[in-house]
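Tertiary structure, described
Below are the chains, spelled out letter by letter.
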Amino acid sequence: DVKVTQSSRYLVKRTGEKVFLECVQDMDHENMFWYRQDPGLGLRLIYFSYDVKMKEKGDIPEGYSVSREKKERFSLILESASTNQTSMYLCASSLTDLIMNTEAFFGQGTRLTVV
Amino acid sequence: DAKTTQPPSMDCAEGRAANLPCNHSTISGNEYVYWYRQIHSQGPQYIIHGLKNNETNEMASLIITEDRKSSTLILPHATLRDTAVYYCIVRVASGGGADGLTFGKGTHLIIQP
């Protein structure tokens, strides 16, 4: 089975701290994604990457950065955490198929609270 | 990507078939229909997808109308563990690159014992 593993299930950080959320996938997928999920707003795409060292902004990249140094690992970085970044963060990965799009596999999520 | 419309919630009795509708009247010819679900406190899970033919797998069936303006996800024998938010998504094939899935608000399916 494809596994997408997020390093923490729950995290509490202080305002202004630098926060790293790590995501690892074990199926050699080219594409990786970071979303946040908030009540009433659904899932929103923050950043994605389609190859090592490549990154693209999603719908809400402000306040975030990402790093993809290895194919299996995609990190989300909050340079200076703020209370409005309290949310559920979800990582996903997918395979690029030139003929037919394939499904995305999601991790279990990291619930981040910024106090 | 085309916009989708789903009812906000539905109930279904355990053991019965759950039929979840989705309207996507602005879908274009190269857009696929995807279904995902999210059980409480878990990440979304892929269920099924299709282009124009009906599809079936071990989890569900997907019925797409001939004009492709709507579709129905069918869970043939719903169990309590099928209680979740179900998302219908339409999107173009990614080709050589990738972009994210656009999730709407979905349908909260509640399976009643």
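Residues numbered from 1 in each chain as written. Chains lettered and ligands numbered in written order. Predicted model: local features only at pLDDT ≥ 70, side-chain atom pairs only at ≥ 80, totals over all residues. Heavy atoms only, no water.

**Overview of the overall build of chain A**
This is how it is decided: Numbering of helices and strands starts at the N terminus; helices are DSSP runs of H or I of at least 4 residues and strands are runs of E of at least 2. For the radius of gyration, the atom set is restricted to C-alpha positions; the globular benchmark scales as 2.2 Å times the number of residues to the power 0.38. Each residue's exposure class comes from its accessible area (1.4 Å probe, protein chains only) as a fraction of the maximum for that residue type: buried when under 20%, exposed when over 50%, partly exposed otherwise.
When you go through chain A residue by residue, the secondary structure sums to zero helices and eleven strands. By the compact-globule yardstick of 13 Å for 115 residues, chain A fits well, its C-alpha radius of gyration being 14 Å. Once the C-alpha set of chain A is aligned to its principal axes, its extents read approximately 45 × 30 × 25 Å. Counting only residues that meet the buried cut, chain A has 48% of its 115 residues in that class.

**Some points on the packing of aromatic side chains**
Each aromatic ring pair is characterised by the separation of its centres together with the angle its planes make. Selection criterion: Centre distance within 6.5 Å is the pairing criterion for rings of Phe, Tyr and Trp, where only the six-membered ring of Trp is used; planes under 30 degrees apart are then read as stacked, over 60 as edge-to-face, and the remainder as tilted.
Counting across every chain of the model gives 13 aromatic pairs over all chains. Centre to centre, the rings of Tyr 35 of chain A and Phe 103 of chain B are 6.0 Å apart; their planes meet at 90°, and the pair counts as edge-to-face. Of this pair, Tyr 35 of chain A sits in strand β4 (residues 31–38) while Phe 103 of chain B sits in the loop between β8 (84–92) and β9 (107–112), placing the two residues on different chains. Of the residues examined, Phe 103 of chain B reaches a relative accessible area of 6% and is grouped as buried. Ring-pair connections join several aromatic residues into one group, and the members of that group are Phe 33, Tyr 35, Phe 48 and Phe 106 of chain A together with Tyr 32, Tyr 34, Tyr 36, Tyr 46, Tyr 87 and Phe 103 of chain B.

**Thoughts on the nonpolar core**
As a rule of thumb, nonpolar side chains are buried together in soluble globular proteins. What counts, and what does not: Only buried Ala, Val, Leu, Ile, Met, Phe, Trp, Tyr and Cys residues count toward a nonpolar core, and they belong to the same one when joined by side-chain atoms within 4.5 Å.
By size, the foremost hydrophobic cluster in this structure holds 21 residues, and its most contacted members are Trp 35, Leu 73, Tyr 86 and Leu 109 of chain B. Elements with a minimum of two residues in this core: β2 (18–23), β3 (31–38), β4 (45–50), β6 (61–64), β7 (70–75), β8 and β9 of chain B.

**Some thoughts on the sheet that holds strand β7 (residues 64–70) of chain A**
Either a parallel or an antiparallel arrangement is found when strands of a sheet pair, and the pairing is made through backbone hydrogen bonds. Residue and element names in this part refer to chain A. The cut-off we apply is this: Two strands are counted as paired when DSSP detects at least two bridges linking them. To obtain each axis, a line is fitted to C-alpha atoms, and for helices this fit is confined to the stretch in contact; angles are then taken between N-to-C directions over 0 to 180 degrees.
If you trace the four strands from one edge of the open sheet to the other, you get β1-β3-β8-β7, paired in antiparallel fashion. The sheet is open, and its two edges are formed by β1 (4–6) and β7, each paired on a single side. With strand direction ignored, the average angle separating the axes of adjacent strands in the sheet is 20°. When β7 meets strand β8 (residues 73–78), the two strands line up antiparallel, connected through five bridges. Looking across to β8, one finds that Val 66 is bridged to Leu 76.

**Focus: the sheet that holds strand β5 (residues 55–56) of chain B**
All names here are of chain B. The four strands are arranged β2-β7-β6-β5 in an open sheet whose pairing can be described as antiparallel. Pairing within the sheet leaves two strands with one partner each, and these edge strands are β2 and β5. When β2 meets β7, the two strands line up antiparallel, connected through six bridges. For Pro 21, the partnering residue across the bridge sits in β7 and is Thr 72.

**With respect to the pairing of β7 of chain B**
Where burial is concerned, the two faces of β7 of chain B differ: the one with Ser 71, Leu 73 and Leu 75 of chain B is buried and the one with Ser 70, Thr 72 and Ile 74 of chain B is not. Counting the residues between successive antiparallel strands, the hairpin from β6 of chain B to β7 of chain B contains five residues, one of them, Arg 68 of chain B, with a positive phi of roughly 65°.

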